[in-house]
Amino acid sequence: MPIKLEHVLKRIQALPPLPTSAMRVIALTKNPATSAQELETVIAQDPALAASMLRQANSSYYGYARRISSVQEAIVVLGFQATQGLAMASAVAPFLKTGLSGYDMEQEGLWKHSMLTAMTARRLCQNLKLPFGDVAFTAGLLHDIGKLIIAVYVQEVGPYLLKKVSEAKVSYVEIEEKVIGYNHATVGGMLAKRWNLPEDLVTAISYHHDPSGAENYTKLTNVIHVANGLANSLGMGGGVDSFLNPLLQESLEDLTLKELDLELLISSLGDLLIDPSLFN
Ligand SMILES: [Fe+2]
Ligand SMILES: [Fe+2]
């Protein structure tokens, strides 16, 4: 039986707000006039954020031989955009590092999937010369946050959902919506609104499994859809539903991505997977 909207909203309200530092990094990301100095000031005000950022900055992914020991140094060495992404990832990590037994996700499973989706989304934007790589990174990080809210319901009816998916031969999100009343993308959009996230992020999160439903920001939404599919196919899936939500041909066409582009992208992403410290 579908759950009531008020129950979903109650669970959304019970979740702590997004940290102020994350909100400020998002605001800085949106403003093209943001300076490195402003970014440094925001990060420095949150020591836990700075520490977690530096841990990641020193992973071999960034390929810097010497130790990066300050935020200022990170900005100089890694560049403004990479630092901004690191700050965002570190700010939302506590939310994503929870196990979700409803989706058969071990502790940190959602975190790893979200990070890989974020990095893939940014790389897709680079390859396609789309100007919103930073927003795509953040959208990739947050695309599955709705799972935090509905995992408890999914857990109750998990076997039934799987049975229904194989019987009806439709996607997992469709069955999620039919049985529970909401799918994790829609609920993620509600949470994003509650967190006062900008409209582009709300849209990309809400429609990441159904990009044709997005009225605006369709390119961004398609990028997140494809990045999510690629993260799944790289073996870092977002849960039990990973292979039960198809990668839509329409999204590939909208981004003019061919099979070969995907293969090249997948092999170029292989280097990300070698270094587990990137996902710490
Ligand atoms: Fe999803
Ligand atoms: Fe996902």
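The rules behind each value
Residues numbered from 1 in each chain as written. Chains lettered and ligands numbered in written order. Predicted model: local features only at pLDDT ≥ 70, side-chain atom pairs only at ≥ 80, totals over all residues. Buried ≥ 20, exposed ≤ 12 C-beta atoms within 10 Å, placed from the backbone. Helix = DSSP H or I, 4+ residues; strand = E, 2+ residues; numbered from the N terminus. Arc of directions from axis to C-beta. Contact = placed C-beta atoms within 7 Å. Core = buried A, V, L, I, M, F, W, Y, C linked by C-beta atoms within 7 Å. Axes fitted to C-alpha atoms, helices over the stretch in contact; angles between N-to-C directions. Parallel < 35°, antiparallel > 145°, perpendicular 65-115°, else oblique. Left-handed = near helix turned anticlockwise from the far one by under 90°. Nonpolar A, V, L, I, M, F, W, Y, C, P; charged D, E, K, R; others polar.

A. Just helix α4 (residues 47-57), in detail. For α4, the set of buried residues is Leu49, Ala50, Met53, Gln56 and Ala57. Summarising the axial view, the buried residues of α4 lie within an arc of 125°, below the 170-degree limit, and thus occupy one face. Away from its buried face by more than 90 degrees, α4 exposes Pro47, Ala48 and Ala51. Against α2 (20-30), α3 (36-44), α5 (71-78) and α6 (80-96) lie the buried residues of α4.

B. Main features of the environment of Tyr207. Tracing the chain through its elements places Tyr207 in the loop between α12 (199-206) and α13 (218-233). On the basis of neighbour counts, which here come to 24 C-beta atoms within 10 Å, the residue Tyr207 falls in the buried class. In contact with Tyr207, other than residues within four places in its own chain, are Ala185, Gly213, Ala214 and Thr221.

C. Spotlight on the nonpolar core. Judged by nonpolar contacts, the single largest core of 80 residues is most densely connected at Val92, Ala121, Ala139 and Val223. With residues near it in sequence (within four places) discarded, Ala121 still touches Ala136, Phe137, Ala139, Gly140, Val223, Ile224 and Ala227.

D. Spotlight on the environment of Gly133. Residue position: Gly133 is located in helix α8 (residues 133-142). When the C-alpha positions of Gly133 and Leu28 are compared, they lie 14 Å apart, and in sequence the two are 105 residues distant. Excluding residues that lie within four positions of it along the chain, Gly133 makes contacts with Arg122, Cys125 and Gln126.

E. Representation of α8. Burial of α8 is extensive: nine of the 10 residues sit out of reach of the surface. Residues of α8 that are buried: Asp134, Val135, Ala136, Phe137, Thr138, Ala139, Gly140, Leu141 and Leu142.

F. Up close: the packing of α3 against α5. Following both chains from N to C, one finds α3 and α5 inclined at 140°, their axes separated by 9 Å at the closest point. The orientation of α3 relative to α5 falls into the category oblique. Classified by chirality, the crossing of α5 by α3 is right-handed. Note on element contacts: α5 touches α3 through Val71, Gln72 and Ile75, opposite Ala36, Leu39, Glu40, Ile43 and Ala44. Residue classes in the contact of α3 with α5 are distributed as six nonpolar, one polar and one charged.

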